[in-house]
Amino acid sequence: MNPEPAVASALSRSYKHGFVTAIQADTLPEGLDEGVIRRISDKKGEPEWMLVWRLAAYRHWLGMTEPRWSSVRYPAIDYQAISYYSSPFADARTPVSLAEVDPKLLATYEKLGIPLDERLSLAGVAVDAVFDSVSVATTHQKMLAQKGIIFCSMSEAVREHGELVRHHLGTVVPSGDNFFAALNAAVFSDGTFCYIPPGVRCPMELSTYFRINAARTGQFERTLIIADRDSYVSYLEGCTAPMRDNHQLHAAVVELVALEGAEIQYATVQNWYPGDEEGRGGIYNFVTKRGVCRGARSRISWTQVETGSAITWKYPSVILLGEGSEGRFNSVAVTHHHQQADTGTKMIHLGANTRSSILSKGISAGHGHNAYRGLVKINAAADHARNHSRCDSLLLGGSCSAHTYPYIEVKNASARVEHEATTSRIGEDQLFYARQRGLLAEEAVALIVHGFCAEVLRELPMEFAVEARKLLAVTLEGSVG
Amino acid sequence: MNATEVQDSYVGQFQDHAEREARRPPPWLRRDRAGAMDRFVVAGFPTRRMEAWKYDVLAPVTEEPFILSEPSCIGLDPEDLDPLLLNRGEGAHLVFVNGWFAPTLSAGSALPRGVRMGGMARRMAADPAELLPAFSNEEAQPDHGFTELNRAMWQDGAFVQLGPELDPEWTVQLLFLNSESLEPLLIQPRNLLMVEAGCRARVVETHLSLGRSAHFTNAWTTLLLERGAHLDYQLWLDGGPHARHIGSMRVTQAADSVLEAGLFALGGRLTRQEVEVNLSEPGAECRLHGLLAATAHQQVDFHLNVRHAASSTTSHQEFRGLADGHGRGIFNGRVWVAPGVREIVSGQTTRNMLLSPEAEIDAKPQLEIHADDVQCVHGATVGSPDEEALFYLRSRGLDGQTALALLVEAFVGDVLNRGEPEPLRDWMKQRFNAWRASP
Amino acid sequence: MLNVEGLHAAVGDRPILRGVELTLRPGEVHALMGPNGSGKSTLVHVLAGRPGYRVTAGRATLDGVDLLAMEPEQRAGAGVFLGFQHPVEIPGVSQQLFLKTALNALRRRRGEAELDASDCRERILRATRSIGLEESILSRSVNAGFSGGEKKQNELLQMATLTPRLALLDEMDSGLDIDALARVSQGIQALRGPDRAILLVTHHQRMLDWVVPDRVHVMIEGRIVLSGGSDLARELERRGYGWLMEEAA
């Protein structure tokens, strides 16, 4: 008996967030030039320095070429066919209270399971809701402000906390870092800003929910999180988009700064529209995420569950500068149908006694293409640095592919770096064992895949671990076969 | 000189070479050479912007000019070669001086039936038609500037054909010996080894140097294993601290053939050895092991590419890297599994040791899997000698240096002790120790 | 309850079962013995529907329903339980989750309402205690890192939870020390019931000291060549299989 028919039905996907919100939008015409950047900056009421910074990034970007070194393949993107700004609000001003927000928007978030009314919201989670190019609402701000925590949209931060933003923006991901980061620096529209003051342990999970709604727009958000000395924050982002036949670009930048003794846990459950079974449509998710452990004993962890997007291209990284600092990367990436993912991390050890760990679980099904690409770099000054990496790939079906590209560069003899990787298909004996106990083949696949990812899922806050597990199961629907 | 000027100098030498070629080459060979030269002119030398070359500092071969070597008489007696020869038993050795076959230095017991060997230039002159299939093998075409350069201007090399009735103990040594000369030479051997169906054979290829020559060997080797052939092949690159060596070896394995290969590189200003193994029919298996070692300002790079193009193929790789001084070791091991093949088993381990603060190791194991019926694993480690073990040995009375030497010996022993037969093993250990002891 | 008639099966082109005849009635325990490679394990795997085995002739029915036409999970739903000689590890999946998923999958199949989390937990806990296992085994991954004895007891825990009509227990006594053998045997004995039939595949007679079978069958070269009462097992222990193999030849 061939388990494959069952794997097929376990993978025929149903994307649950593919609806469109019919709403009047203030959308800039397609195309990109300095005028567009000036208008974005103007709409947001930005100070002059911000516009100057954007324009410098844009001029730099004009001289750059799109990277081609990764293993993902896609037709050329026409950057003049994208609208770089779309807001559900007539004027650029963010509504002061939910009462001012179009009920259709609130209904949208409710439908996505993210109610913005604080009384209804998930216990212990504060949300910044970003809709296309702007932040719709940010919950629990007042309560957080009592502890000195700033949690707001990036637009608000640029206006209200200009000096803090200016001091850190672009220090982790410089505006000319790479093609997509430069584009983001030029046109970024919104995103989330967090500042945790010294010694404060953030009492809630902070989160941003990104929603792309408008057609033919790109989303270019920018997130900056600063954890001051001995502070702690756990942050989570989620993302969805409507089902459309054409591809949409999402090029975000996330910068994390951890000062002495601080800890940032950053988790992503990425469920952008992945395209249909034939590979039509879906989001191009080209994202630059990087954190710097600037202070001694600081810690940054990235945990990601990547189930969506037509193409995922991201390498959440940690620069380990502070002595004794620690970076971690935990990842589950699933590709099904014609999805492609080239994802992994960079752990750059600059300081002494720095440690990093990498745990990557890749799952390929259908015609999915999944690549782990990771760099572990131990610089000459990083005495006694340690890294351990483990990358496992699971193959469901004979038409998918799984690649593993670790780069290990060691310039310090006291370092210890260990990397191990495996690639195999789902165990037939495991499938039979589970089916003998009465599980349908697709249930068996979902369960075994869940087990394969369990170590990573454990790193997520509980509510999101449950969500991630469901997403995995849904993503793999119809993979048996 | 910059790379473009060096490239231009080769274009000039190519024209001289084409005019001077003594025996009239067959038209296909002339076309072959000219085509390769055209592609070399277009492609140029590889650069670090290319993924496959990102860790290589190529200046020692691309920014210094080398003069195409000429056959030369170095006034050696066959006895002078004794320390460099491995054969104590049955077998033969072919000696190449600066890339040219030296019949007077080569010797061996009477060739067994079905065995043919000699210099490639003579073979080409005698029977070019016979070489055409191997030279036009689709799986062994150049893919970068250096292989094109060899194809355009190779001069001589080893031709070895091993027949089915060979005694497995009968060993062939290919000794590539570089001599001192006024100018740094470009030495371009083109080697062809064919192991016929069902044959069990043993070949040892050694690259050694007399004196302190800084020649550039740009070698290209084609290895064909027919159905059921079993080849034990050892490659020993040990041309001294100034040697430049870029070697490309393409292996094609037919059904049920087995390649057991040891690859060893001890230093060199720049040593890069590529090995591509095509497991092109079911049942083919390759087991590769080896050591790359670099000290002073040496740079050693192994670039392996195992291609599982057929079902039921197996590969194993076990490598060690050692970097001391300002030395740099680079390991790039790729395993590729073709779409649609089944029952693939592949394992790869690379362990690397850094012995000085200025040394560097770059390791890049890669798995590219396009089929699902596979079991592939790889593991890579980089570290220094185990401090606990060092302390343990010192607590037993060994001084620090001896303790370290012991740990290094154990570390390389995993791969150095695999050589067969025993005299080869001893010879290897001796050469390794000499290399460790050299300043 | 179980009727096997003229069953032939092969792995690839190699025939293993060459005409097995076997009948089990509710409440009965039968032991299936025989030398290595005689086809005992193949028989239970074929009955459970393991991929890779090809039935070339014959029938096997459970309560008159054709087993051989069903997928493995349908057979499980019909009440077939296979206790594995080498229980499979499923890393990362807790026993609790696995048993809950299996239990509800079977209930759905039987048209029964799914149990909620606390009812599930209650049933699983009861089963765990009945087998004499610690509750902590439920939070461990399925079979991962279990000792040989734990793996076998765990199979019984699953059987106790899933309450099958027909249990095919494949060499539950292999690789166990004497204490573990006693625990496993007592577990099996406790799982006997008037509505349940059990087929014990075993090499050795020692388990049958605890679990006294109603019938003993000897399989040689893919056929049951001799059947008898529980005394037969002791005779085999004394005389070996050699005399039977000669007769079979």
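Residues numbered from 1 in each chain as written. Chains lettered and ligands numbered in written order. Predicted model: local features only at pLDDT ≥ 70, side-chain atom pairs only at ≥ 80, totals over all residues.

Draft legend 1. Broad picture of the overall build of chain B. Of regular secondary structure, chain B possesses 9 helices and 22 strands. Computed over its C-alpha atoms, the radius of gyration of chain B comes to 21 Å, within 12% of the 22 Å expected for a compact globule of 439 residues. Looking at chain B residue by residue over its 439 residues, the buried ones come to 50%. Across chain B, every contact between residues at least 6 apart in sequence was considered, and the portion connecting residues at least 24 apart equals 84%. (Helix = DSSP H or I, 4+ residues; strand = E, 2+ residues; numbered from the N terminus. Rg over C-alpha atoms; globule rule 2.2 N^0.38 Å. Buried ≥ 20, exposed ≤ 12 C-beta atoms within 10 Å, placed from the backbone. Contact = placed C-beta atoms within 7 Å.)

Draft legend 2. Up close: the interface of chain B and chain A. Listed as interface residues are 32 residues of chain B and, on the opposing side, 29 residues of chain A. Secondary structure elements with two or more residues in the side of chain B that touches chain A: strand E21 (360-369) and strand E22 (374-383) of chain B. Split into classes, the residues belonging to the side of chain B that touches chain A amount to 15 nonpolar, 10 polar and 7 charged. Relative to E22(B), strand E23 (residues 416-425) of chain A runs antiparallel, the two being bridged by 8 bridges. Along E22(B), the bridge assignment pairs A:Val417 with B:Val382. (Nonpolar A, V, L, I, M, F, W, Y, C, P; charged D, E, K, R; others polar. Pairing = 2+ DSSP bridges.)

Draft legend 3. Spotlight on unusual backbone geometry. Residues and elements named next belong to chain A. Even without being glycine, Ser309 reaches a positive phi, approximately 75°. In this structure, His337 is a non-glycine residue whose phi angle is positive, near 50°. Take His337: it is sitting in the loop between strand E17 (326-335) and strand E18 (340-349). With 24 C-beta atoms counted inside 10 Å, the residue His337 sits in the buried group.

Draft legend 4. Structural detail: helix H1 (residues 40-48) of chain C. All names here are of chain C. Counting buried positions over the 9 residues of H1 gives 8, a clear majority of the element. Listed as buried for H1 are Lys40, Thr42, Leu43, Val44, His45, Val46, Leu47 and Ala48. Taken from the residues just after H1, Gly49 is the one with a positive phi, measuring 85°.

Draft legend 5. Examining the packing of helix H2 (residues 27-43) of chain B against helix H6 (residues 145-153) of chain B more closely. Residue and element names in this part refer to chain B. For the pair H2 and H6, interaxial distance at closest approach is 8 Å and the crossing angle is 150°. When the axes of H2 and H6 are compared, the pair comes out roughly antiparallel. Pair H2 / H6 crosses with left-handed handedness. Of H6, the residues touching H2 (which contributes Asp32, Arg33, Ala36, Met37, Arg39, Phe40 and Ala43) are Gly145, Glu148, Leu149, Arg151 and Ala152. (Axes fitted to C-alpha atoms, helices over the stretch in contact; angles between N-to-C directions. Parallel < 35°, antiparallel > 145°, perpendicular 65-115°, else oblique. Left-handed = near helix turned anticlockwise from the far one by under 90°.)

Draft legend 6. Layout of the sheet that holds strand E12 (residues 223-228) of chain C. Residues and elements named next belong to chain C. Across the sheet, 6 strands lie side by side as E6-E9-E10-E3-E11-E12; this open sheet has mixed pairing. Looking at the sheet topology across the chains shown, the edges are occupied by strand E6 (80-83) and E12. For this sheet the average axis-to-axis angle between neighbouring strands, irrespective of direction, equals 20°. Inspection of the sheet shows strand E3 (residues 29-33) paired to strand E10 (residues 197-201) by 4 bridges, in the parallel sense. When the bridges of E10 are listed, His30 appears paired with Leu199.

Draft legend 7. Focus on the sheet that holds strand E2 (residues 14-24) of chain C. Residues and elements named next belong to chain C. Strand order in this open sheet of 4 strands is E2-E1-E4-E5, and the pairing throughout is antiparallel. In the strand order of this sheet, the two ends are held by E2 and strand E5 (65-66), each with one partner. Relative to E5, strand E4 (residues 53-62) runs antiparallel, the two being bridged by 2 bridges. Paired with Leu62 across the strands is Val65, a residue of E5.

Draft legend 8. The arrangement of the chains, seen in detail. In this assembly 2 pairs of chains touch, with chains A and B having more contacts than any other pair. Separating chain B from chain C is a minimum C-alpha gap of 15 Å, and the two share no contact.

Everything listed here is a matter of coordinates, which is why it stays silent on function.
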